[in-house]
Number of protein chains: 2
Amino acid sequence: MAIRVDLLISLDGFATATDQTPDNPFSEDWSRLVDAYVATKTFQERVFKDTSGKGTTGIDNKYAKDYFENIGAEIMGAGKFGFHDHPDDPNWRGWWGEEPPFHYPVFVLTHNPRPSMKMAGGTIFHFINTSIDDALQQATDVAGQEDVRIGGGPTVVREYLKAGLVDRLHVAVAPILLGRGIRLWDDLRGLEKDYTVKSETAESGTIHLTFQR
Amino acid sequence: MAIRVDLLISLDGFATATDQTPDNPFSEDWSRLVDAYVATKTFQERVFKDTSGKGTTGIDNKYAKDYFENIGAEIMGAGKFGFHDHPDDPNWRGWWGEEPPFHYPVFVLTHNPRPSMKMAGGTIFHFINTSIDDALQQATDVAGQEDVRIGGGPTVVREYLKAGLVDRLHVAVAPILLGRGIRLWDDLRGLEKDYTVKSETAESGTIHLTFQR
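Now for a quick tour of the structure. Every value quoted in this text rests on a predicted model; they were computed, and no experiment measured them.

1. Comments concerning the nonpolar core
If you look at the biggest cluster of nonpolar residues, it comprises 70 residues, and the most contacted ones within it are Ile75 and Trp185 of chain A together with Ile75 and Trp185 of chain B. Here this core spans two domains, since at least three of its residues come from each of domain 1 (7-18 + 26-68 + 166-213) and domain 2 (71-145) of chain A. Residue contacts for Ile75 of chain A: discarding those within four places in its chain leaves Phe107, Leu109, Ala135, Leu136, Ala139, Val148, Arg149, Ile150, Gly151, Gly152 and Tyr160 of chain A.

Structure (structure tokens):
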């Protein structure tokens, strides 16, 4: 059982696009960040339900597969769930439709909790107003032998990294410069000292960095 | 003949250490940035004059060799020459001693020009208060068929990148987080569109990124 992070960032370190709007969550910047990941066979099958066999099968796909494996629960920030873009909508149910691609309990950190939402396919969203430690305890309890993902955004991930609570950090660095957004790496001086750092480059040009405890 | 940049940065994008002092130019941060490069056989021979054959001979060394090849002139900022750390010393002759490892003309951009300095081994420092275009013209004129290096620091490099004047940018990314310094990537959104971007990882963990026009 491990605490894991997987994030997509640009070469200049931006993990979140700022050109998203409620009407256009898959903005230009976001699309470019997730491009190589969406192109994988695994993503096509798992998220788009496209089982025709299309999609890349190289190094990006290896990480995409790994991304979905052995996760028992996830913690995400209110921004990733969409509360910042939909602050006044009591019926907002996340970006992912009625059958989100999680299939496990997801704990959403928010200052304005609401009742849990049971979605199709095994995903249940819990909205909690607790410390990151308490959230991790709750997620760990339901994950059992499986891993817990800290799903993002970058601000929440950084909090867990700074608290020394992450066992494995995988960052897919797209070979692009966004020049705007929220940076992952701010204020993490010396993080590498607690990890073994490895990297490899995929056919798409994406650099996969892994910090493993 | 090409305009080239080679820089060392951290994962979080810092190209310049800020813990340097006049007495300790090779600070902790700077040492960690240049570690893998200094360890190469090429650096040992070329800069330390150590011909005993020690030093690494892998991917880092390939780039180190390339670093020194076919350069006919260099442009650097006043900070890289050391004027910011030695503002009141009229006798300051750079960090590199009486025989600097350049062996070609170096144009130092400064608002306070002084007479040129002829050093041992073929290096001559020219101090010029001109636009980056004029500096490039002067450097190109003396470089002849050889390449011109934009030597740094990151602020000067960024100006040349933004002006579209760089043909090849090689960045050696050390797998460390410095959390302080001057960033290379600020304000360069979309830079990759003018280049083919390649990357490979060395044995040291250094990621070598090349932007080639």
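Having put the structure on the table, let's press on.
2. Considerations on the interface of chain B and chain A
Counting from both sides, the interface comprises 28 residues of chain B and, opposite them, 28 residues of chain A. The contact between chain B and chain A buries some 2200 Å² in all, and 50% of this surface belongs to carbon and sulfur atoms. The partner of Glu28 of chain B in a salt bridge is Arg189 of chain A, and the shortest N-O contact between them spans 3.9 Å. At the surface where chain B touches chain A, the tally comes to 14 residue pairs in polar contact (both at pLDDT 80 or more). Elements represented by at least two residues in the side of chain B that touches chain A include exactly helix H1 (28-38), strand S10 (196-201) and strand S11 (207-212) of chain B. It is S10 of chain B that contributes the most residues to the side of chain B that touches chain A, four residues altogether. By residue class, the composition of the side of chain B that touches chain A is twelve nonpolar, five polar and eleven charged.

3. Considerations on the relation of the copies chain B and chain A
With an RMSD of 0.0 Å, chain B superimposes on chain A once it is rotated by 180° and translated 0.0 Å along the axis. Here the transformation between the copies is reduced to the relation of a two-fold axis. An overlap of 100% is found between the interface residues of chain B and their copies at the interface of chain A, pointing to a shared contact surface.

4. Looking at the side chain of His170 of chain A
Residues and elements named next belong to chain A. Tracing the sequence through the fold places His170 in strand S8 (residues 168-174). Within the local environment of His170, its side chain forms a polar contact with the side chain of His208, the two groups lying 2.9 Å apart. Once residues lying within four places of it in the same chain are set aside, the contact partners of His170 are Val5, Asp6, Leu7, Tyr63, His208, Leu209 and Thr210.

5. A few points about the pairing of strand S8 (residues 168-174) of chain B
Residues and elements named next belong to chain B. Among the seven residues of S8, seven are classified as buried, and the element is accordingly described as predominantly covered. The two faces of S8 match: Arg168, His170, Ala172 and Ala174 on one face and Leu169, Val171 and Val173 on the other face are all buried. Of the strand pairs in this sheet, strand S1 (residues 3-10) and S8 are connected by seven bridges, and their pairing is parallel. Along S8, the bridge assignment pairs Arg4 with Arg168. Where S8 lies against S11, six bridges are found, and the strand directions are antiparallel. Across the sheet, Arg168 pairs through a bridge with Gln212, a residue of S11.

6. Quick look at the pairing of strand S10 (residues 196-201) of chain A
Residues and elements named next belong to chain A. Two strands pair when backbone bridges link them, and S10 and strand S11 (residues 207-212) are joined in this way by six bridges, in the antiparallel orientation. Considered in S11, the bridge of Thr201 is made with Ile207. With antiparallel pairing between neighbouring strands as the criterion, S10 and S11 make up a hairpin whose turn holds five residues, including Gly205 at a positive phi of roughly 95°.

Definitions and limits used
- Residues numbered from 1 in each chain as written.
- Chains lettered and ligands numbered in written order.
- Predicted model: local features only at pLDDT ≥ 70, side-chain atom pairs only at ≥ 80, totals over all residues.
- Heavy atoms only, no water.
- Core = buried A, V, L, I, M, F, W, Y, C linked by side-chain atoms within 4.5 Å.
- Buried < 20%, exposed > 50% of the residue type's maximum accessible area, 1.4 Å probe, protein only.
- Domains from an automatic or database assignment.
- Contact = heavy atoms within 4.5 Å.
- Buried area = accessible area lost by both parts, 1.4 Å probe.
- Salt bridge = Lys/Arg side-chain N within 4 Å of Asp/Glu carboxyl O.
- Polar contact = N/O pair within 3.5 Å; in protein donor to acceptor, adjacent residues only side chain to side chain.
- Helix = DSSP H or I, 4+ residues; strand = E, 2+ residues; numbered from the N terminus.
- Nonpolar A, V, L, I, M, F, W, Y, C, P; charged D, E, K, R; others polar.
- Least-squares fit on C-alpha atoms with pLDDT ≥ 70 in both.
- Pairing = 2+ DSSP bridges.

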